[in-house]
Amino acid sequence: MLTLAQLNTAPLDEACAWLDGTYEHSPWIAREALARRPFATLAALKHAMVQVVRDAGRERQIALIRAHPELAGKAMVSKTLTAESTNEQGKAGLTDCTPDEFARIQRMNADYNAKFGWPFILAVRGPRGTGLDRHQIMATFERRLQGHPDFELAECLRNIHRIAEIRLADKFGETPTLGEQVWDWAEAMAVHSDPGFKEAGELTVTYLTEAHRACAALLQGWMRECGFDEVRLDAVGNVVGVYHGSDASSKRLLTGSHYDTVRNGGRYDGRLGILVPMACVRELSRAGRRLPFGFEVVGFAEEEGQRYKATFLGSGALVGQFDPAWLDQTDADGVSMRDAMRAAGLPATMDAIAGERRDPSRYLGFVEVHIEQGPVLDAMDLPLGVVRSINGSVRYLGEVAGQASHAGTTPMGQRRDAALAVAELALFVERRAAAVPDVVGTVGMLEVPAGSINVVPGRCRFSLDLRATTDTARDALAKDVCAELQAICARRGVAHTLEETLRAAAAPSAPDWQQRWEAAVQSLGLPVFRMPSGAGHDAMKLHEAMPQAMLFVRGGNSGMSHNPLETITAHDAQLVVQAFSHLLEHLA
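Residues numbered from 1 in each chain as written. Predicted model: local features only at pLDDT ≥ 70, side-chain atom pairs only at ≥ 80, totals over all residues. Heavy atoms only, no water.

A. Structural detail: the overall build of the protein. Scanning the protein for helices and strands turns up 23 helices and 16 strands. Expected size for 588 residues packed as a compact globule is a radius of gyration near 25 Å; at 26 Å, the protein falls within 12% of this value. Along the first, second and third principal axes, the C-alpha set of the protein runs to 75 × 70 × 45 Å. Contacts spanning at least 24 positions in sequence make up 77% of the contacts within the protein whose residues lie at least 6 apart. Of the roughly 24400 Å² that the protein leaves accessible, carbon and sulfur atoms contribute 52%. Looking at charge distribution, the protein has the averaged site of its 61 positive side-chain charges lying 2 Å from that of its 73 negative ones. (Helix = DSSP H or I, 4+ residues; strand = E, 2+ residues; numbered from the N terminus. Rg over C-alpha atoms; globule rule 2.2 N^0.38 Å. Contact = heavy atoms within 4.5 Å. Areas by Shrake-Rupley, 256 points an atom, 1.4 Å probe, with all protein chains shown as cover. Lys, Arg positive; Asp, Glu negative; His and termini not counted. Charge placed at Lys NZ, Arg CZ, Asp CG, Glu CD.)

B. Structural context of the pattern of salt bridges. Going through the model one piece at a time under the given rule, you end up with 43 salt bridges. The shortest N-O distance in the salt bridge between R491 and E424 comes to 2.1 Å. Within this pair, whereas R491 is found in helix α19 (residues 471–492), its partner E424 is found in helix α18 (residues 418–434), the two being separated by 67 residues in sequence. Under the relative-accessibility criterion, R491 is labelled exposed at 53%. Judged by relative accessible area, which is 22%, E424 ranks as partly exposed. (Salt bridge = Lys/Arg side-chain N within 4 Å of Asp/Glu carboxyl O. Buried < 20%, exposed > 50% of the residue type's maximum accessible area, 1.4 Å probe, protein only.)

C. Local environment of the nonpolar core. Among the nonpolar cores identified, the biggest contains 79 residues, and Y207, M278, M337, M341, L384, W517 and L584 are the most heavily contacted of them. Setting aside residues no more than four positions away along its own chain, M337 makes contact with Y207, Y308, A310, L313, F322, W326, L327 and Q329. Ranked by size, the runner-up nonpolar core spans 53 residues in total, among them A10, L71, C97 and Y112. (Core = buried A, V, L, I, M, F, W, Y, C linked by side-chain atoms within 4.5 Å.)

D. A look at the packing of aromatic side chains. Per the counting criterion, the structure on display carries 10 aromatic pairs. Directly above the ring of W28 sits R60, whose terminal nitrogen or CZ lies 3.8 Å from the centroid. Between the NZ or CZ atom of R290 and the centre of the ring of Y243, over which it lies, the distance is 4.4 Å. (Phe/Tyr/Trp six-rings, centres within 6.5 Å; stacked < 30°, edge-to-face > 60°. Lys NZ or Arg CZ within 6 Å of the ring centre and 35° of its normal.)

E. View of helix α13 (residues 272–286). For α13, which comprises 15 residues, the first-to-last C-alpha distance of 21 Å matches the rise-based estimate of 21 Å (1.5 Å per residue) to within 8%. In terms of residue burial, α13 counts as a mostly covered element, since 12 of its 15 residues are buried. Among all positions in α13, only L272, G273, I274, L275, V276, P277, M278, A279, C280, V281, R282 and L284 are buried. Just past α13, the residue G288 takes up positive phi, approximately 65 degrees. (Expected span 1.5 Å × (residues − 1).)

F. Structural detail: the state of the cysteines. A full pass over the atoms with the stated rule returns 0 disulfides. Cysteine C97 shares no disulfide, and the gap to the nearest cysteine sulfur, in C156, comes to 19 Å. For C215, which is in no disulfide, the shortest distance to another cysteine sulfur is to C226 and amounts to 16 Å. Judged by its relative accessible area of 0%, C215 is buried. (Disulfide = S-S within 2.5 Å.)

G. Structural context of the environment of G345. Its place among the elements puts G345 in the loop between α15 (337–343) and α16 (350–354). Considered as a pair, G345 and A154 are 191 residues apart in the sequence and their alpha carbons are 50 Å apart.

H. How the structure looks around the packing of helix α11 (residues 177–189) against helix α23 (residues 570–587). It is the contact of α11 with α23, at a shortest axis distance of 7 Å, that shows an interaxial angle of 110 degrees. Judged by the angle between their axes, α11 and α23 are roughly perpendicular. Together, T177, L178, G179, E180, V182 and W183 of α11 and A570, A573, Q574 and V577 of α23 make up the contact between the two elements. Across the contact of α11 with α23, the residue classes break down as 6 nonpolar, 3 polar and 1 charged. (Axes fitted to C-alpha atoms, helices over the stretch in contact; angles between N-to-C directions. Parallel < 35°, antiparallel > 145°, perpendicular 65-115°, else oblique. Nonpolar A, V, L, I, M, F, W, Y, C, P; charged D, E, K, R; others polar.)

I. Geometry of unusual backbone geometry. With omega at 0 degrees, the peptide bond leading from R37 into P38 counts as cis. Looking at where P38 falls in the secondary structure, it is placed in the loop between α3 (27–34) and α4 (42–54). Even without a glycine there, the phi angle at H25 is positive, about 55 degrees. Tracing the backbone shows H25 in the loop between α2 (12–18) and α3. Phi is positive for N264, which is not a glycine, with a value near 55 degrees. Here N264 is to be found in the loop between β3 (252–258) and α13.

J. Molecular detail of the environment of D378. Mapped onto the fold, D378 is located in helix α17 (residues 376–380). A C-alpha to C-alpha distance of 33 Å links D378 and R252, two positions 126 residues apart in sequence. Among residues more than four places away in sequence, those in contact with D378 are E155, R158, E372, R554, G555, G556, N557, S558 and G559.

K. Here's a closer look at the side chain of R467. Residue position: R467 is located in strand β12 (residues 459–468). We classify R467 as buried; its relative accessible area is 16%. Side-chain polar atoms of R467 contact the side chain of D465, separated by 2.8 Å. A polar contact is formed between the side chain of R467 and the backbone oxygen of G534, at a distance of 2.6 Å. Residue contacts for R467: discarding those within four places in its chain leaves N391, G392, S393, R395, D438, V439, V440, L477, G534, A535 and G536. (Polar contact = N/O pair within 3.5 Å; in protein donor to acceptor, adjacent residues only side chain to side chain.)

L. Structural context of the side chain of R158. Tracing the sequence through the fold places R158 in helix α10 (residues 149–172). Residues within four places of R158 in sequence aside, it is in contact with F151, D378, A379 and D381.

Written as structure tokens, this is what we have:
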């Protein structure tokens, strides 16, 4: 097998020959990337090749895409595919299509080429590397046929980079064993889903349902297999695993994330942050190694607020913020949280729950790994990003009241249109948020009650979600939006109400812990990219008790999350396990 040492020292032509076939009929990519030798890691070589393509310009990028064959196309039929493409399409079963399947793929190939001007590209060996099936391939084909040309150009290039990543791994004989383990664990957990969703093939796991308890049991079993010294289910359903340090009484590093999901969600949101540190412990245990500090991994039972109106229930218990009133809440079926806890074998008492509060003086800090849940890393072709702050947020529910009137007889200058007032506000939110870095604003709900096609809207309900990396920036945005709402309503002769429903403080990363994540990323030969987290995470709660910092992992499919299309690759999972292991080793 080829080694990096050989590649780094070989004459350029010889090194180019070794990398031949990594990018289909495009040897210029390897040649230009090799000018950046030496490479400390295979990830660094991959990144160099990605950068060559990013810098190549649109014309060369389209030529690269056109150098690839169609899926199950003429080249496959005539057996003129490269050896690499033949292997990949064969593993995906495309060489065994039925006549109807083959005809369907040919129609989609023609439609795609007609719309975009280049062939459809998909890394058919998939995120695990073992191959997508024909159903998955055709479903992806149909979905992407609806895409925008600019998006499809970028998505084709991302798939080409994934194809190259797998081919490089084959050339260098590197298998992402730890990443595959994390990927397999996530798949095994995804078997369990709440009734109604499971039958529809959708993943939904809400607090203390049968599926939720099954996931908790899986995590406990895996933690024991990994070599954790203590494994337990705590008073709120958190799964807690402890790997003792060389001195069992030493301080601990705390990590973890949640294992509940939104309705029809993805496999990695939250769960990745439990499975990655589990893999680290497994490697430490197999090597018979102890760290000079304890390592505590918590699978938080609830973060999403799907069954009850309580979010961060699991991590909230660890910082003493479990609201006793939550126990009397009922779900859609009238089951109280107290009864659900008892049915799950939990004590359902505030004394037991209060006992889960952690003493911050016994902990070094809290770190969390999480899928990004956004498109930034995927668009930048970066597998990892270091979080510098979790956004603070404020939310409102509002209503504008105008005057409902006949759409045909009310002159434009005499209308009191409630919906247009909110529409004007929504456009202001967009402009104002876009004017400041790392600030976002969303009008996510907009409803005209009892609206009619021929009636000027007399009422309009709306929501506001305003976020920023600092509370100061968040509050400045909120002040400007509220002032603009007043001005719009005064000018249009309408009234409004506005109720604040949520306010969450920003959680900036502790500088020393952020630097540890940065060092871990650099150790992999990757550039450090610092970014905010627009979504809330369990780390926000732990931030109130101890220093925290997060590491993001790229999500495929343009970072889609809270969605069945949420995905990561085994190679990216491997990198994040290696980054976490680096943090542990260097903290030691």
